[in-house]
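Secondary and tertiary structure notes
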Amino acid sequence: MGPEPTLPDAATLRALSASCGLELAAFRPAHVARTIARAVTRLGLPGPAALAAAIHGDPGLRGRFRRAVAVSTTGMFRDPAQFELLDRLMRADDRSGRPLKVWSIGASDGSELCSLALLLEAQGVLDGATLLGSDLMPENVALARERSRERLAPAVFSALRFEERDVSRSTPDGTWDVVLCRNVLIHLAPGPKAAMLDHAAGALAPGGLLLLGRSERLPVSDRRGLVDAGANAYRCAP
């Protein structure tokens, strides 16, 4: 096994960012370095500078590189144990008939939000609910709308909405009963990661739930006012 790849020089990294349309410095350096190295090797290029030029001139390659950086990997009811936990926690909540508001960060192809919609339908609480999926990449937003329309009955699909948003910079209006930020933070650099966590936690309604991915934790020293609600799940104080 060879040495771990390292990031290219700052000028080349800026060129790659400009070519692919993503701010690569926002992502974890080791992840970006490995993604660049794999692309260079796979394409047989002399180095990262050549990759920047190739991405600039090839929309298909640019899309594949963007998806590799943003790790747009998902699936229906991905990590079933987390959905079982969420199902139990939500059934135990007393919202006094108030419609639910659910926000999925890193919506990818919409699988997570579709899974949530089906879960809420099974609970009998989908009527009037708002389900929002946010993603950094506009191509993911378009794909999420298309796939969700194909997967769901029209009455269920009508509860879903998707938007393009960099959650490390802004949040949608209002507060949310459930915020899912799963398998997103592990790919971010420390600054954007902290900002995204601040926004996700700050968007919770009183008593609201934040669910992170299986390998993601809030440090005990920095829970942002949240308390444990289960494995990788946190609740805002009522």
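Residues numbered from 1 in each chain as written. Predicted model: local features only at pLDDT ≥ 70, side-chain atom pairs only at ≥ 80, totals over all residues. Heavy atoms only, no water.

**Notes on helix α4 (residues 59-70)**
The first and last C-alpha atoms of α4 sit 16 Å apart over 12 residues, in line with the 16 Å expected at 1.5 Å per residue. For α4, the complete set of buried residues consists of Leu61, Gly63, Phe65, Arg66 and Val69. Contact partners of the buried residues in α4: α1 (10-20), α2 (29-43), α3 (48-57) and α7 (138-151). The distance from a side-chain oxygen at the start of α4 to the backbone nitrogen of glycine 60 is 3.0 Å, and the residue carrying that oxygen is aspartate 58. Of the residues flanking the end of α4, it is valine 71, one or two places downstream, whose phi is positive at about 50°. (Helix = DSSP H or I, 4+ residues; strand = E, 2+ residues; numbered from the N terminus. Expected span 1.5 Å × (residues − 1). Buried < 20%, exposed > 50% of the residue type's maximum accessible area, 1.4 Å probe, protein only. Contact = heavy atoms within 4.5 Å. Polar contact = N/O pair within 3.5 Å; in protein donor to acceptor, adjacent residues only side chain to side chain.)

**So, a positive patch on the surface**
A surface patch of positive charge is lined by Arg38, Arg42, Arg64 and Arg67. Elements represented by at least two residues in the positive patch include exactly α2 and α4. Relative to the assigned elements, arginine 42 resides in helix α2. Taking the relative accessible area as the measure of exposure, arginine 42 reaches 57% and is therefore exposed. (Patch = residues over 30% accessible without salt bridge, like charges linked within 9 Å, V, L, I, M, F, W, Y side chains within 5 Å. Areas by Shrake-Rupley, 256 points an atom, 1.4 Å probe, with all protein chains shown as cover. Salt bridge = Lys/Arg side-chain N within 4 Å of Asp/Glu carboxyl O. Lys, Arg positive; Asp, Glu negative; His and termini not counted. Charge placed at Lys NZ, Arg CZ, Asp CG, Glu CD.)

**Section: a nonpolar patch on the surface**
Nonpolar side chains collect at one region of the surface, where Met76, Phe77 and Leu118 lie side by side and expose about 210 Å² of accessible area between them. Along the chain, phenylalanine 77 falls in the loop between α4 and α5 (80-92). Given the relative accessible area of 32%, phenylalanine 77 is considered partly exposed.

**A closer look at the pairing of strand β4 (residues 176-181)**
For β4, the buried fraction is high: 6 of the 6 residues fall into the buried class. Looking at chain direction, strand β1 (residues 101-105) and β4 are connected through 3 bridges and run parallel. Paired with serine 104 across the bridge in β4 is leucine 180. Note that β4 and strand β5 (residues 204-212) share 5 bridges and pair parallel. Bridged to leucine 180 within β5 is leucine 211. Read from β4 through helix α9 (residues 190-202) to β5, the crossover connection turns out right-handed. (Pairing = 2+ DSSP bridges. Right-handed = clockwise from strand over helix to strand, strands pointing away.)

**Thoughts on the side chain of serine 108**
Relative to the helices and strands, serine 108 resides in the loop between β1 and α6 (111-123). The residues contacting serine 108, other than those within four sequence positions of it, are Ser72, Thr73, Thr74, Asp135, Asn140 and Ala144.

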